[in-house]
Structure formats: structure tokens, C-alpha cells
Amino acid sequence: MFPCSALMAQQSSVPVATTAELPTLGLNRQAQKQIAEPDKPLITITGLCDTRSNPNTVASDCKTIITRAEFEKITNAIKPNMSLHARHEFAFHYIDVLAMTRRAEQMGLDQGSNYEEQLKLARMQVLSQDLKSTIQAKVSQITDKDIEDYYHSSEESFEEAEIERIYIPKTQQPASGSIKQISDTDGENQSQELQQRMNQEATNLHARAVAGEEFAKLQADAYEFAGIKSAIPNTRMVVRRTSLPPNQVSIMDLRPGEISSVLADPNGYAIYKVKSKDTFPLERARDEIKANLRSQRLQAEMRSILDSAVPVLDESYFAR
């Protein structure tokens with residue numbers, strides 16, 4: 001469904017596509033002939049016309065005709081290159097909106113301050129949307145040099161490492177039957193004790209990892225000690241700086257074979273071992289760089305616009 005505000009407000013903002021720009025592949029001769037005739041009626045609506053100038057007009061004598069050029073001016077304003085199927089669906093929606101608009105005009109709903117204020121707001125929304133589209137088109141103009149410069153200035157962000165990780169939960173699960181005791185008597189102290197046990201276990205597991213024990217065995221022991229019955233996670237994975245939590249990015253500075261210290265986060269502890277490291281080539285990074293540059297430039301453009309307007313609100317009004 002197409003929003004009525006966009007349908008009615010954006011009709012004149014985009015030029016009509018030329019006949020050469022329109023797809024003809026797969027169209028029969030009659031359809032191709034119609035494409036070559038922009039002024040030929042495309043939609044004829046019997047019973048619909050503006051009767052305000054002549055209130056005595058009989059409905060059967062009313063007729064609204066929309067040419068191909070007029071219709072495509074509307075669809076191009078809403079969505080350029082709209083498919084034929086979508087145009088067909090839109091045509092019926094547009095007819096419904098026209099019928100409702102005529103009735104609203106007959107009832108005088110296009111008069112008065114409410115209508116004028118809504119029209120102003122609709123205009124502002126259309127202009128802001130067109131501005132965003134214009135900025136998006138501008139920031140999407142990314143050259144090969146832009147991509148190469150970004151890659152070489154941020155090369156470490158494209159470094160990836162094959163690692164092994166042990167995840168140790170922050171809190172040990174209470175023994176069966178002790179939950180009521182924890183919640184009823186000194187629960188906070190009990191919780192701190194369970195966390196201290198896992199902290200100590202993380203230290204023990206780190207020592208075993210440094211001594212050369214397999215990470216898969218250490219991960220299984222970590223879950224068993226924590227009292228977790230769910231499936232044991234895979235210890236092997238591939239990571240990048242951008243995929244790691246901020247306090248764990250330092251593992252990317254380790255050499256292959258080195259093991260990290262115990263790294264804490266709000267949910268638990270992690271121990272990493274770097275297996276291998278590599279930097280993937282520019283061609284593999286090209287699409288990602290384009291997306292990053294578009295996003296960065298769009299944010300910068302929007303920020304420069306929004307930051308130029310500094311509001312001061314009377315909070316005594318909004319706090320009522």
C-alpha cells in the first residue's frame with residue numbers, strides 16, 4: 001500500500017522518464033505502442049470529476065482521464081523504475097485516493113486552518129525526504145581511489161584471526177536444593193561467593209591453557225564447574241577487531257600461538273589463543289568499504305545539517 005501523503009504531495013518532484021528509458025522487453029505490440037504515445041489516455045474514471053464549478057453536473061457525465069505521462073510523473077515521484085506489476089497495483093490505489101479527495105473537497109475539508117497546517121507539514125516531510133534522497137545519491141559517489149585510501153588507512157580493521165576461546169560464566173549455578181536458602185538468608189553474600197568461585201576457576205583454566213591443555217576440554221570443564229547443562233559451545237572461530245568487544249580487541253595484537261590473559265566482561269570471562277592471522281585483500285573488502293564510506297558520509301552530512309539548528313525548549317510547558 002502506498003501512503004496517501006506521499007502519493008498526493010510528491011507528484012511534481014521527479015521528471016517523467018523518457019520513452020527510451022522505459023523497459024519494453026517482453027511487452028506485446030499494443031503495449032509498446034502505448035509506451036510510444038505518452039498523451040494517450042491510460043486511466044479513464046467514469047463518474048469522477050470536479051463538480052464544484054458546476055454542482056448540477058450528473059455523475060454519469062463526469063469523467064477523469066489520466067494519460068501515461070501524467071501517471072508516470074506520479075509513480076516516478078514516489079518510486080522511480082517502479083515495476084509494471086507495482087504500477088498496476090498503485091493505479092487502483094490512486095483511483096481510490098482521487099475518489100476520496102473529490103468527496104473531501106465537496107465537503108469543504110480543504111478549507112480552514114487545520115488543512116493549511118497539515119499541508120505545510122506534508123510539504124516539510126516531502127522536502128526532508130527529497131533532501132535525504134539527494135544526500136544519499138551524493139554520498140554514494142565513491143571512487144576507486146576513495147576505496148583504496150580507506151583500505152590502506154584502516155588496514156588493521158581488515159585483519160582476521162582464527163582463534164580458540166574458552167568462555168567462563170560469571171556466576172556458578174547454585175547446587176540443587178540451595179536456591180531457597182540463598183534467596184531467604186544472606187542471598188547477596190552467597191551470590192558473591194559463587195562469583196568468586198568462577199573467578200578463581202577462570203584463573204585455574206588459564207593456567208591449564210598456558211600449560212598446553214586442549215581448549216575444547218577446558219571449555220567442557222568450565223561449563224561443568226559452573227553447573228551449566230546446555231550444549232558446550234565450539235571453541236574455534238574467526239574474528240576481526242570490529243567483531244570483538246572493546247575490552248577484548250587486544251587479542252588481535254597477539255602472535256599465533258600466544259594466549260591472552262583472563263578477559264572479563266559483564267557476563268563472564270574469556271581466554272583466547274590465536275591460531276593464525278591474515279589480512280584479507282582489497283577486492284574482498286571493496287563492498288564493505290563502500291558501505292562504510294556511504295554510512296560515514298551520510299552521518300556527517302546529516303550531522304552538519306542537524307547541528308546547525310540549536311533548539312531551546314520551554315521545559316515548563318512540556319513538563320506539564
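The shown structure was predicted, so the numbers you read here are calculated from the model rather than taken from an experiment.

1. Some thoughts on the packing of aromatic side chains
Consideration 1: This model, assessed by the stated rule, comprises six aromatic pairs.
Consideration 2: When the centroid spacing of 5.9 Å and the interplanar angle of 15° are considered together, the rings of Phe90 and Tyr94 count as stacked. A residue pair is termed a helical-turn pair when its members lie 3 or 4 positions apart in one helix, as Phe90 and Tyr94 do in helix 4 (residues 84-106) at four residues. Take Phe90 and Tyr94: they sit in the same class, and that class is buried.
Consideration 3: What links up through ring pairs into an aromatic cluster is the set Tyr150, Tyr151, Phe158 and Phe280.

2. Focus on helix 10 (residues 282-306)
Consideration 1: Helix length check: helix 10 (25 residues) gives 34 Å between terminal C-alpha atoms against 36 Å at 1.5 Å per residue, within 8%.
Consideration 2: Approximately 35° is the largest bend angle found in helix 10, and it occurs at Glu288.
Consideration 3: Buried within helix 10 we find Leu282, Ala285, Arg286, Ile289, Leu293 and Met302.
Consideration 4: Residues of helix 10 that are buried sit in contact with helix 5 (113-139) and helix 6 (144-153).

3. Some remarks on the state of the cysteines
Consideration 1: If you walk through the whole model with that rule in mind, you get one disulfide.
Consideration 2: One disulfide bridge connects Cys49 with Cys62, the sulfur atoms lying 1.9 Å from each other. Residue Cys49 is found in the loop between strand 1 (41-46) and strand 2 (63-67), and its partner Cys62 is found in the loop between strand 1 and strand 2; the two are separated by 13 residues along the sequence.
Consideration 3: Overall, Cys49 belongs to the buried group, its relative accessible area being 17%.

4. Quick notes on unusual backbone geometry
Consideration 1: We note that Asn81 has phi near 65°; this positive angle belongs to a residue other than glycine.
Consideration 2: By the element assignment, Asn81 lies in the loop between helix 3 (68-78) and helix 4.
Consideration 3: Of the residues examined, Asn81 reaches a relative accessible area of 70% and is grouped as exposed.

5. A look at the confidence of the model for the protein chain
Consideration 1: Taken residue by residue, the protein chain gives an average pLDDT of 85. The fraction at 70 or more is 81%.
Consideration 2: Ignoring residues within four places in sequence, the model shows residues 3-26, a span with pLDDT below 50, making 43 contacts including any to other chains.

6. Structural notes on the pattern of salt bridges
Consideration 1: Summed over all chains, the structure comprises 23 salt bridges.
Consideration 2: With its nearest N and O atoms 3.9 Å apart, the salt bridge here joins Arg241 to Glu159. With Arg241 in the loop between strand 4 (236-240) and strand 5 (263-265) and Glu159 in strand 3 (residues 159-169), the pair connects residues that are 82 residues apart, well separated along the chain. The same class applies to Arg241 as to Glu159, namely buried.
Consideration 3: Here Glu258 and Arg255 are joined by a salt bridge, their closest N and O atoms 3.0 Å apart.
Consideration 4: A relative accessible area of 26% places Glu258 in the partly exposed class.
Consideration 5: The exposure class of Arg255 is exposed, given its relative accessible area of 58%.
Consideration 6: In this structure, a network of salt bridges that share partners links the residues Glu159, Arg241, Asp253 and Lys277.

7. Things to note about the sheet that holds strand 5
Adjacent strands of a sheet pair through backbone hydrogen bonds, lying either parallel or antiparallel.
Consideration 1: If you trace the four strands from one edge of the open sheet to the other, you get 4-3-6-5, paired in antiparallel fashion. Both edges of this open sheet fall to strand 4 and strand 5, since each of them pairs with a single strand only. Averaged over all pairs of adjacent strands, the angle between strand axes in this sheet comes to 45°, irrespective of strand direction.
Consideration 2: Pairing geometry for strand 5 and strand 6 (residues 268-279), over three bridges, is antiparallel. Within strand 6, the position partnered with Leu263 by the bridge is Ala270.
Consideration 3: Seen against the sheet, helix 9 (residues 215-226) touches strand 3 and strand 6 and runs at an angle of roughly 30° to strand 3.

8. Observations regarding the packing of helix 3 against helix 4
Axis angle and axis distance: for two packed helices, these are the angle between their axes and the distance between the axes, and together they describe the pair.
Consideration 1: Viewed as axis vectors pointing N to C, helix 3 and helix 4 meet at an angle of 105°, and their least axial separation amounts to 11 Å. Viewed along their axes, helix 3 and helix 4 adopt a mutual orientation that is roughly perpendicular. Contacts from Phe71, Glu72, Ile74, Thr75, Asn76 and Ile78 of helix 3 reach helix 4 at Arg87, Phe90, Ala91 and Tyr94.

Rules and cut-offs
- Residues numbered from 1 in each chain as written.
- Predicted model: local features only at pLDDT ≥ 70, side-chain atom pairs only at ≥ 80, totals over all residues.
- Heavy atoms only, no water.
- Phe/Tyr/Trp six-rings, centres within 6.5 Å; stacked < 30°, edge-to-face > 60°.
- Helix = DSSP H or I, 4+ residues; strand = E, 2+ residues; numbered from the N terminus.
- Buried < 20%, exposed > 50% of the residue type's maximum accessible area, 1.4 Å probe, protein only.
- Expected span 1.5 Å × (residues − 1).
- Bend = angle between axes of the 7 residues up to and from the residue.
- Contact = heavy atoms within 4.5 Å.
- Disulfide = S-S within 2.5 Å.
- pLDDT = per-residue confidence, 0-100.
- Salt bridge = Lys/Arg side-chain N within 4 Å of Asp/Glu carboxyl O.
- Pairing = 2+ DSSP bridges.
- Axes fitted to C-alpha atoms, helices over the stretch in contact; angles between N-to-C directions.
- Parallel < 35°, antiparallel > 145°, perpendicular 65-115°, else oblique.

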